[in-house]
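Working through the structure, step by step
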Amino acid sequence: MLRTAAALGLTGAVVVGLASSTATAVDNTLRSDRAVPRSCTARLLPAGTPGVDQREFTSTVDGLIQARLRPQAGQEGDWDLAVFDKATGGIVAGSAALRSRELAESFVAKDQQLVVQGCRYAGPGRAVTLGVDFLALKPDGTPSGAAAATAPQRAEMVRVETPTRQDKARLQVLGLDLTEKADATSVHVVLANDADRKTLADSGLRFQVVDGDLSATARTNAERDRRYAAERAASALPSGRTSYRHLYEYDFELKELARRNPNLVKAFTLPLPSIEGRDVVGVEIATDVNNVNDGKAVNFTMGVHHAREWPASEHAIEWAYELVNGFRSDPQIRDLVSKTRNIVVPIVNVDGFSISREAQPRGDFTRFDYEMKRKNCQVNDSPPAFRTGVCMANPAGRVRGTDPNRNYAGFWGGPGASPNWSSDTFRGGAPFSEPETQNVRQIVSTRQVTNLITLHTFSNLVLRPPGAHDAARPLDEPAYRALGDKMASRNGYISQHGFQLYDTHGTTEDWSYWATGGWGFTFEVGPNEFHPAYETGVVAEYLGLAPAAGAGKGGNRQAFLDMLADTANPASHSTIIGSAPRGYQLQLRKTFQTPTVPVLQPDGTTGPPIFVTDTLTSDLTASGGRFAWSVNPSTRPFVAGQYGRVPQAPAQGPIEGLANPAGVPAENTNYPLDPTAERIPFHVDGMPNVDNGKMTVSVNWTSDATDWDLYILGPDGRQVSSSAQGGTNFETAALFDPPPGDYTAVLVNFDQADPANVDDWSNLRVEFASPTPPVYGPKEAYTLTCSNRQGRLVGLADVFVDRGQTVDVGDVCTRSAREAKLRSQR
């Protein structure tokens, strides 16, 4: 019989064909008297299997199926959901979060016979409500009844030349899909269609094609993945995985890790569901894992703010397996896990990821457009004409939504994000307007997260704040850089500030670090694709195998271990010690306001900053006697001051007379892929003879028909600075705190319009300046309270504590400590 989706408790007015496998009447309640912890999506189980209830459907459309579960009143539990093709037994869609709020969504064909399988995994809920929608799609991928879309068009990736910061700013306002692959002179950009190609051409920016058909590349990678998985039972990864997971596989594996390791792993649901109603799942890994208020330092690893960046979530979940396996078999990991708490959220943007991942096997451009989705599924900021349809099939296609990694409050509203809803870097309607960023904010604001890695693809980078070039470097810069450099030495990536990629506003660590002081890094995993073949993008990058840049160096696995070791090191954060009776509750609290940058408006004008209020709270349950509490510094870096150094010796004298080599190098617009250039070595001294706070390398020339670009390679042969302005007769490259050693100035003949082919650069000069002293801002304090076992406040103190410092608050739960002012010394 036929019933509407609304009659099954779902939204929309799509007609559903519902045929129960056990009754002639419609029955949308799934029941089981027994919970069985097994995978619901691994296979179609025989009818009557304990813990399972099934219904059969015939698809009425060529389009989408959405199957949902909701708990019945008073029957909360954990049910999972799967949709199978009845003829083949193949999985069509699935959902396996921690409760009974499930959404299984994917593509189906008209008259396809389907079996919807509900599985009671755990908990007291004996019954759940099932609802099913079928949504018809036109060949262009839009819902039936929607306006016609343009014909499918070729997507490509290009390298856009941006030799100046002004060029990068011009590119950012075009509304194109910028990747995280960028260097001093270029940015890789996805052109999704002819309109994008025209926009870029009209801008006047020069570009070269890197990949002329991204859809074809994706199909090739998918075939490589099928062969790789078919040829082996397991990989060398901690989980043994051989292929990219689906969302339902992530969720199931996380709760299985918790079920099988109950004292070490706890699975949890983040506070807010996604726009489409999906739960977001994470795990916490620690000894005595349920005692979350034990005062240990917290390491937070997360993936997939951007939907198409699948290796990010694979790295995160493999890290969870690494910790669990290593706790049993590796003394070093066991020691580090015992000293820390580890939170892993593989997928922050669950809606976007599910859409991208489910679109991948289809192999046509209509689906490929969704496979390349970056943003979440927010619809509130779209024009009314683009608010119809579900996220996986809507008139705006992949561009519906907000970029979660431009929605954090740190420097929100600047030109490093877009105010326009259709841009792939749309910042959202306000700071923290999205459930994805609110979920991360809740963890960071309540758990004293001392170390954080957010995983992305691609560009082989380890990025640290600031993300905007005009933001001051923090007082922590030397230690912050050293940790980034150490991790980069493991994965072979480049360690740098975020703005050295290009300006970004509203990113994760530009809020988390400046607001809390916890180290935060972005890893851009892999060299050149959003989700390359699994063998290279996941296995090689994680383990440090060829062809990854970290081959033989430990890869991202070792970089993660370095981050964990830093988490366990008291010198990298702050520590509060004292004493309190058993069962008493201690709480640290701080509330403050931070301005965004002046807010860029859609018309190009700038409005005033928005003041964002943050409240940081964290708790410790006293075990009786002395306690030690790992925390972030009480003064947030945003107000703490600006990095600098007191000079310890004079600066080095200038280096002059660097000769122009004989001959003229060929014109080269593709450096460093084309290494053709002139190279001039020079040496930088160091302590105790000289103390260089800044090095400036400059060169000039006379012909207006010539354009030289300048790159500086450091002692390890890596690029450390550059200048490639265009339209000038000079270049100037700078580097703060240059390490001593042998450097190379690389002169690239970018443009040679002079018919005489003049090699006329001269006055190559290296100058040095002494470091500038640091600037210190005001000190901030935590408010520390103590409540007894009845919840009555019995102690109060202000606590000032710096990074690497231990402050003893004594017996804060006694009356004598209530008005204490505990001040740290710099």
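Along each chain, residue indices are assigned from 1 in the same order as the chain's sequence is written. Confidence filtering applies because this is a predicted model: local features only for residues at pLDDT of at least 70, side-chain atom pairs given and counted only at 80 or more, and all residues used for totals across whole chains, interfaces and linings. Working from all heavy atoms in the structure, the side-chain values ignore hydrogens and water.

Observations concerning the sheet that holds strand E34 (residues 730–736)
Definition in use: Any two strands with at least two DSSP bridges between them are considered paired. Under the DSSP-based scheme used, a helix requires at least four consecutive residues in state H or I and a strand at least two consecutive residues in state E, with every element numbered from the N terminus. All axes here are fitted lines through C-alpha atoms, helices being fitted over the stretch that makes contact, and every angle between N-to-C directions spans 0 to 180 degrees.
Across the sheet, 3 strands lie side by side as E34-E31-E36; this open sheet has antiparallel pairing. Looking at strand neighbours, the two that pair on one side only are E34 and strand E36 (762–769), the edges of this open sheet. Taking each pair of neighbouring strands and ignoring which way they run, the sheet shows an average axis angle of 10°. Judged from the 7 bridges that link them, strand E31 (residues 694–700) and E34 form a sheet pairing that is antiparallel. Across the sheet, Val-699 pairs through a bridge with Glu-731, a residue of E34.

Here we look at the sheet that holds strand E14 (residues 207–211)
What counts is decided by this rule: Contacts are residue-level and defined by heavy atoms, with any inter-residue pair within 4.5 Å sufficient.
The sheet built from 4 strands is open, its strands ordered E12-E13-E11-E14 with antiparallel pairing. Unpaired on one side and paired on the other, strand E12 (177–183) and E14 mark the two borders of the sheet. Strand-to-strand twist of the sheet, defined as the mean angle between neighbouring strand axes without regard to direction, takes the value 30°. Bridge count between strand E11 (residues 156–161) and strand E13 (residues 186–191): 6 bridges; the pairing is antiparallel. The partner of Val-160 across the bridge, within E13, is Val-187. Along the sheet, helix H2 (residues 194–203) makes contact with E11, E13 and E14, crossing E13 at roughly 150°.

Description of helix H11 (residues 508–516)
In plain terms, the rule: Buried, partly exposed and exposed residues are distinguished by accessible area as a fraction of the type maximum, computed with a 1.4 Å probe on protein chains only: under 20%, between the cut-offs, and over 50%, respectively.
Counting buried positions over the 9 residues of H11 gives 9, a clear majority of the element. Taken as a whole, H11 has its buried residues at Thr-508, Glu-509, Asp-510, Trp-511, Ser-512, Tyr-513, Trp-514, Ala-515 and Thr-516. Phi for Gly-517, located one or two positions after H11, is positive at around 85°.

Concerning the state of the cysteines
Here is the rule: Throughout, a disulfide means two cysteine sulfur atoms within 2.5 Å of one another.
Considering all chains together, one arrives at 3 disulfides under this definition. A disulfide bridge connects Cys-40 with Cys-119, and the sulfur atoms are separated by 2.1 Å. Its torsion about the S-S bond being 70°, the disulfide of Cys-40 and Cys-119 is classed as right-handed. Taken as a pair, Cys-40 in the loop between strand E3 (29–31) and strand E4 (52–58) and Cys-119 in strand E9 (residues 113–122) lie far apart in primary sequence, 79 residues in all. No difference in accessibility class separates Cys-40 from Cys-119, as the two residues are buried. For the chain, the disulfide bridges join cysteines in the arrangement 1-2, 3-4, 5-6, where the cysteines are counted in sequence order.

Thoughts on the pattern of salt bridges
Note the threshold: Each salt bridge in this description consists of a side-chain nitrogen of Lys or Arg and a carboxyl oxygen of Asp or Glu lying within 4 Å of one another.
Under the criterion given, the structure shown has 52 salt bridges. A salt bridge links Asp-27 to Arg-55, with the shortest nitrogen-to-oxygen separation between them at 3.1 Å. Taken together, the positions of Asp-27 in the loop between strand E2 (15–19) and E3 and Arg-55 in strand E4 put the pair 28 residues apart, joining distant regions of the chain. In this pair, the class of Asp-27 matches that of Arg-55, namely buried.

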